[in-house]
Amino acid sequence: MKEENRKIETRWTGIAALIIGLALWRAFFVDGSTNLLGNFTPIGAIALFAGAKLSNRKIRYLFPMAVLLISDLLMFSETSGGFLYSGWMWTYLAFIITVFFGERISEMIKFTTIFSASVASALTHWILADFGVWFGGGINILSGMPFEKTMQGLILCYSLGFPFFLKLAASTILYSFIIFGLHKFISRALEKRELALR
């Protein structure tokens, strides 16, 4: 019983450390600014992997949300003037849907499904997050004024967000291949080790 408790404690300690590490990486190394790495974040890949590989359904959704929340608090709490940032709920909804995409590919994980789910994740984020910017009165960086509540204003908002969609899509694809690849490599190595010990 004590040995089982130690295993559970070790597992949760590892999960907590991973959440904190990934949150710090996103908050301090891959921020949301307009620089080269803006939106080049691993959170989409983390959400996909959680949906595809974590057996506990609650943890599938809580794990990437915890990474996102902690990093958002570190990045925005002091400058947003409120809880996180305007339209944050649209971003969180996009990554909840990404976990669902991960669940859909869990039985057929291969190059094409990971690639497709990664693109779908980035596309969902672009559609929802930029809609949230437009709907919530976000500022048009070209005019310094809020986007007009018209179809033209919405299209302009999406067009200005498109470069960030491309970077998010690229980062989600890259990080997904890395994370899923490492998981497969480690799983095979552990299987070989177990066979060697028999």
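Residues numbered from 1 in each chain as written. Predicted model: local features only at pLDDT ≥ 70, side-chain atom pairs only at ≥ 80, totals over all residues. Heavy atoms only, no water.

## Looking at the overall build of the protein chain
For clarity, the cut-off: Helix and strand assignments come from DSSP, with helices taken as H or I runs of at least 4 residues and strands as E runs of at least 2, each series counted from the N terminus. Residue contacts are counted whenever heavy atoms from the two residues lie within 4.5 Å of one another. Using a 1.4 Å probe, the Shrake-Rupley method yields the accessible areas, and only the shown protein chains count as cover for residues.
Tallying secondary structure elements over the protein chain gives 6 helices and 0 strands in all. Ordered by position from N to C terminus, the α and β elements of the protein chain give α-α-α-α-α-α. Sequence separation of 24 or more characterises 66% of the internal contacts of the protein chain that already satisfy a separation of 6 or more. Split by element, the accessible area of the protein chain, about 12100 Å² in all, is 69% carbon and sulfur.

## A word on the packing of helix 2 (residues 43-53) against helix 4 (residues 88-104)
Inclusion rule: Helix axes are fitted to C-alpha atoms over the stretch in contact, other axes to C-alpha atoms as well, and angles between N-to-C directions run from 0 to 180 degrees. Oblique is the label for any angle not under 35 degrees, not over 145, and not in the 65 to 115 range, which are roughly parallel, roughly antiparallel and roughly perpendicular in turn. Put simply, a crossing is left-handed when the front helix is turned counterclockwise from the back one by less than a right angle, and right-handed when it is turned clockwise. Under the scheme applied, nonpolar residues are Ala, Val, Leu, Ile, Met, Phe, Trp, Tyr, Cys and Pro; charged residues are Asp, Glu, Lys and Arg; polar residues are all the others, including Gly.
For the pair helix 2 and helix 4, interaxial distance at closest approach is 6 Å and the crossing angle is 45°. Looking at the two axes, helix 2 sits oblique to helix 4. Between helix 2 and helix 4 the crossing geometry is right-handed. Across the interface between the two elements, Ile 43, Gly 44, Ala 47, Leu 48, Gly 51 and Ala 52 of helix 2 pack against Phe 95, Thr 98, Val 99, Phe 101, Gly 102 and Glu 103 of helix 4. Looking at side-chain class alone, the contact of helix 2 with helix 4 contains 7 nonpolar, 4 polar and 1 charged residues.

## As for a nonpolar patch on the surface
Rules: In this scheme, patches are assembled from residues that exceed 30% relative accessible area and form no salt bridge. Like charges are connected within 9 Å, while nonpolar side chains (Val, Leu, Ile, Met, Phe, Trp, Tyr) are connected within 5 Å. A pairing counts as a salt bridge when a side-chain nitrogen of Lys or Arg comes within 4 Å of a carboxyl oxygen of Asp or Glu. Each residue is assigned to one of three classes by its accessible area relative to the maximum for its type, calculated with a 1.4 Å probe on protein chains only: buried under 20%, partly exposed between the two thresholds, exposed over 50%.
A cluster of nonpolar residues, Leu 174, Ile 178, Leu 182, Phe 185, Ile 186 and Leu 190, forms a patch on the protein surface that exposes about 580 Å² of accessible area. Classification of Leu 182 by relative accessible area gives partly exposed; the value is 48%.

## Focus: helix 6 (residues 151-197)
As a reminder, the rule being used: Expected span of a helix, by definition, is 1.5 Å for each gap between consecutive residues, and there is one gap fewer than residues. We define the bend at each residue as the angle formed by axes fitted to the 7 residues ending at it and the 7 residues starting at it.
With 47 residues, helix 6 should reach 69 Å at 1.5 Å per residue; the first-to-last C-alpha distance of 65 Å fits that figure. The largest bend in helix 6 is about 40°, located at Phe 162, with the proline Pro 163 one to four residues further on.

## Concerning the packing of helix 2 against helix 6
Helix 6 packs onto helix 2 with a crossing angle of 40° between their chain directions and a minimal axis gap of 8 Å. Comparing the axis directions of helix 2 and helix 6 gives the class oblique. When the axes of helix 2 and helix 6 are compared, the crossing they make is right-handed. Across the interface between the two elements, Gly 44, Ala 45, Ile 46, Leu 48, Phe 49, Ala 52 and Lys 53 from helix 2 touch Thr 172, Tyr 175, Ser 176, Ile 179, Phe 180 and His 183 from helix 6. Tallied by class, the residues present in the contact of helix 2 with helix 6 amount to 8 nonpolar, 4 polar and 1 charged.

## As for the packing of aromatic side chains
Selection rule: The aromatic pairing rule takes the rings of Phe, Tyr and Trp, using the six-membered ring of Trp, and pairs them if the centres are within 6.5 Å, calling planes under 30 degrees apart stacked, those over 60 edge-to-face and the rest tilted.
The final tally for this structure, using the stated rule, is 11 aromatic pairs. When the ring of Trp 90 is compared with that of Phe 131, the centres are 5.2 Å apart and the planes differ by 75°; the resulting orientation is edge-to-face. Here the residue Trp 90 occupies a position in helix 4, and Phe 131 occupies one in helix 5 (residues 111-135), the gap between them amounting to 41 residues. Here the aromatic rings of Phe 162 and Phe 165 are separated by 5.5 Å at their centres, their planes lie at 40°, and the arrangement is tilted.

## Some details on the side chain of Ser 176
Just so we agree on the cut-off: Residues adjacent in sequence count toward polar contacts only when both atoms are side-chain atoms; beyond that, a polar contact is any pair of N or O atoms within 3.5 Å, and within protein one must be able to donate a hydrogen and the other to accept it.
In this structure, Ser 176 sits in helix 6. Since its relative accessible area comes to 0%, Ser 176 is described here as buried. Within the structure, the side chain of Ser 176 is placed 2.6 Å from the backbone oxygen of Thr 172, a separation counted as a polar contact. Excluding anything up to four places from it in sequence, Ser 176 contacts Ala 45, Leu 48, Ile 114, Ser 118, Ser 171 and Gly 181.

## So, a positive patch on the surface
Condition: When charges are counted, Lys and Arg are positive and Asp and Glu negative, with His and the chain ends excluded. Think of each charge as sitting on NZ of Lys, CZ of Arg, CG of Asp or CD of Glu.
Taken together, the side chains of Lys 53, Lys 184, Arg 188 and Lys 192 define a basic patch exposed on the protein surface. Sorting elements by how many residues they give to the positive patch places helix 6 first, with 3 residues. Within the secondary structure, Lys 53 sits in helix 2.

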